[in-house]
Amino acid sequence: MKIEALTRAGFQKTVEIALTVCFAIIFIRTIRIIEDYLYYRHDYTKADNLRERRLRTQIQFIRKLLVAIIVIITTAIILLSFDSMRKIGAGLLTGVGVGGIIIGFAAQKSLGNLLAGFQIAFTQPMRIDDVLIVEGEWGRVEEITLTYVVVNIWDKRRLILPIQYFIETPFQNWTRTTAEILGTVFIYTDFTISVGHLREELSRLLKGNSLWDGKVNVLQVTDFKTDVMEIRCLMSCRNSGDAFDLRCYVRENMIDFIKNNYPESLSQTRVVLKNTNS
C-alpha cells in the first residue's frame, strides 16, 4: 500500500508539474501569436517605416520581458510545490538581510541593463533596423534583447554591445527621425575646371538614377587648398543604403567626365622652372 501511495503521489506531482509547464507554454505561445499579428499589421519592410520600427522595438522588448517573467514564475511554482524547497525558502528568508545585500551587489549590473532596456524601448534613442555609427562601424540594429544589442555591420559581421552602452556612450543614429539622408561626394580638381559644366553633369547623373529621390541636387566649391579646389556634390536619398550606392555611382562617373572632357583639370602639382642664365 505504501508503494502504491508513493506511486500515486509521484504521478500526481508529475501531472501537476506537466500542467504548470503546459500553461506556461500556452501563455508564451499566445504572446508569440499576438506579436506575429502585430508584425503583420505593421510591416516595417516598406520605405517609410519609422512608426513600424518604433512599434517593433517596443513589442520585442515587452515580449522578451513577459517570457522571462513567465519562466521565472513557472520555475518558482514548480520548486515551491516540493516540501524540501519550501524549507529552503524559509531558511533563506531568515537571512534575507545579508542575502539581499549580496544579491543586490551581484545583480547590480544586470538590473542596470534591464532598466536601460526599458529606457531604450520607450524613449527610443534607437530602434530595430535603425542605421548607427557605433565604435567606428556602420551597421543596422538587428536585435534588442533585455541585456544586449546586436548591430549587423555592413560586411555581415555582428557587433554585440551591452544595452547600457547606448545609454552611457554617444553614438550616431542616421535614421532617428526619418530614413531619408543626404549623401556627399568630394572631388578635388585644378582651378581651371568649369564648375558650371560639372553642375550640369551632376544633374544629368542624378536624374538618370532611380536611387535619387529628386529632392536635393547641389554642387558647390566648398574650399581652396594650395594646389586643388574642393568641390562638394550633395544629393538626397530615401535611405542610407541607397545613399552609399548613389555616392559611389556619382564619384565614379564624375571622375570619368573630368578625365574625358577636362583631363588638364585633374589635380596636379605645378613646377615653374626659371632660366637663371639670362
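Above this note sits the structure.
Residues numbered from 1 in each chain as written. Predicted model: local features only at pLDDT ≥ 70, side-chain atom pairs only at ≥ 80, totals over all residues. Heavy atoms only, no water.

Colleague: What am I meant to see in the packing of helix α7 (residues 195-207) against helix α8 (residues 240-261) here?
Modeller: When two helices pack together, their arrangement is captured by the angle between the axes and the distance separating the axes. Their axes nearest at 10 Å, the elements α7 and α8 cross at an angle of 135 degrees. Taken together, the axes of α7 and α8 lie oblique to each other. Crossing handedness for the pair α7 and α8: right-handed. Along its contact with α7, which presents His197, Leu198, Glu201, Leu202, Leu205 and Leu206, the element α8 presents Leu246, Tyr249, Val250, Asn253, Met254, Phe257 and Ile258. Residues belonging to the contact of α7 with α8 are distributed by class as follows: 10 nonpolar, 2 polar and 1 charged. (Axes fitted to C-alpha atoms, helices over the stretch in contact; angles between N-to-C directions. Helix = DSSP H or I, 4+ residues; strand = E, 2+ residues; numbered from the N terminus. Parallel < 35°, antiparallel > 145°, perpendicular 65-115°, else oblique. Left-handed = near helix turned anticlockwise from the far one by under 90°. Contact = heavy atoms within 4.5 Å. Nonpolar A, V, L, I, M, F, W, Y, C, P; charged D, E, K, R; others polar.)

Colleague: How do you make sense of the side chain of lysine 64 when you look at a structure like this?
Modeller: Structurally, the position occupied by lysine 64 is in helix α2 (residues 50-80). Reaching out from lysine 64, the side chain makes a polar contact with the side chain of glutamate 143 at a distance of 3.4 Å. For lysine 64, the contacting residues outside a window of four places in its chain are Glu143, Ile144, Thr145 and Leu146. (Polar contact = N/O pair within 3.5 Å; in protein donor to acceptor, adjacent residues only side chain to side chain.)

Colleague: So what exactly am I meant to see when it comes to the pattern of salt bridges here?
Modeller: Close approach of charged atoms allows side chains of opposite charge to pair. Under the definition given, this model contains 11 salt bridges. Between aspartate 129 and arginine 140 there is a salt bridge, and its shortest N-O distance comes to 3.7 Å. Placement of aspartate 129 in the loop between α5 (108-123) and β1 (131-134) and of arginine 140 in strand β2 (residues 137-144) is noted, with a sequence separation of 11 residues between them. Among the salt bridges present, the one from arginine 204 reaches glutamate 201, with a minimum N-O distance of 2.7 Å. Of this pair, arginine 204 and glutamate 201 both sit in helix α7, 3 residues apart, which is roughly one turn of that helix. Given a relative accessible area of 9%, glutamate 201 falls into the buried group. (Salt bridge = Lys/Arg side-chain N within 4 Å of Asp/Glu carboxyl O. Buried < 20%, exposed > 50% of the residue type's maximum accessible area, 1.4 Å probe, protein only.)

Colleague: Would you explain α8 in this entry?
Modeller: Helical geometry: 3.6 residues make up each α-helical turn, so side chains three or four residues apart lie on a common side. Here α8 is 22 residues long and its end C-alpha atoms lie 31 Å apart, about the 32 Å a rise of 1.5 Å per residue gives. Those residues of α8 that are buried lie in contact with β1, β2, β6 (181-189), α7, β7 (212-224) and β8 (229-237). Residue asparagine 239 occupies the N-cap position of α8, its side-chain oxygen lying 2.9 Å from the main-chain nitrogen of aspartate 242. (Expected span 1.5 Å × (residues − 1).)

Colleague: Looking at this structure, how should I read the side chain of glutamate 201?
Modeller: Here arginine 204 takes part through its side chain, which lies 2.7 Å from a polar atom of the side chain of glutamate 201. In this structure, glutamate 201 is in contact with Met254 and Phe257, ignoring residues within four places of it in sequence.

Colleague: In this structure, what is going on with the pairing of β8? I would like to understand it.
Modeller: Side-chain direction in a regular strand flips from residue to residue, so the side chains alternate between the two faces of the sheet. Among the 9 residues that make up β8, 8 are buried, leaving the element largely enclosed by the rest of the structure. Direction of pairing for β6 relative to β8: antiparallel, over a ladder of 9 bridges. Across the sheet, residue isoleucine 181 finds its bridge partner in β8, namely cysteine 237. Where β7 and β8 come together, 8 bridges link them in antiparallel fashion. Note that in β8 the partner of valine 218 across the bridge is leucine 234. (Pairing = 2+ DSSP bridges.)

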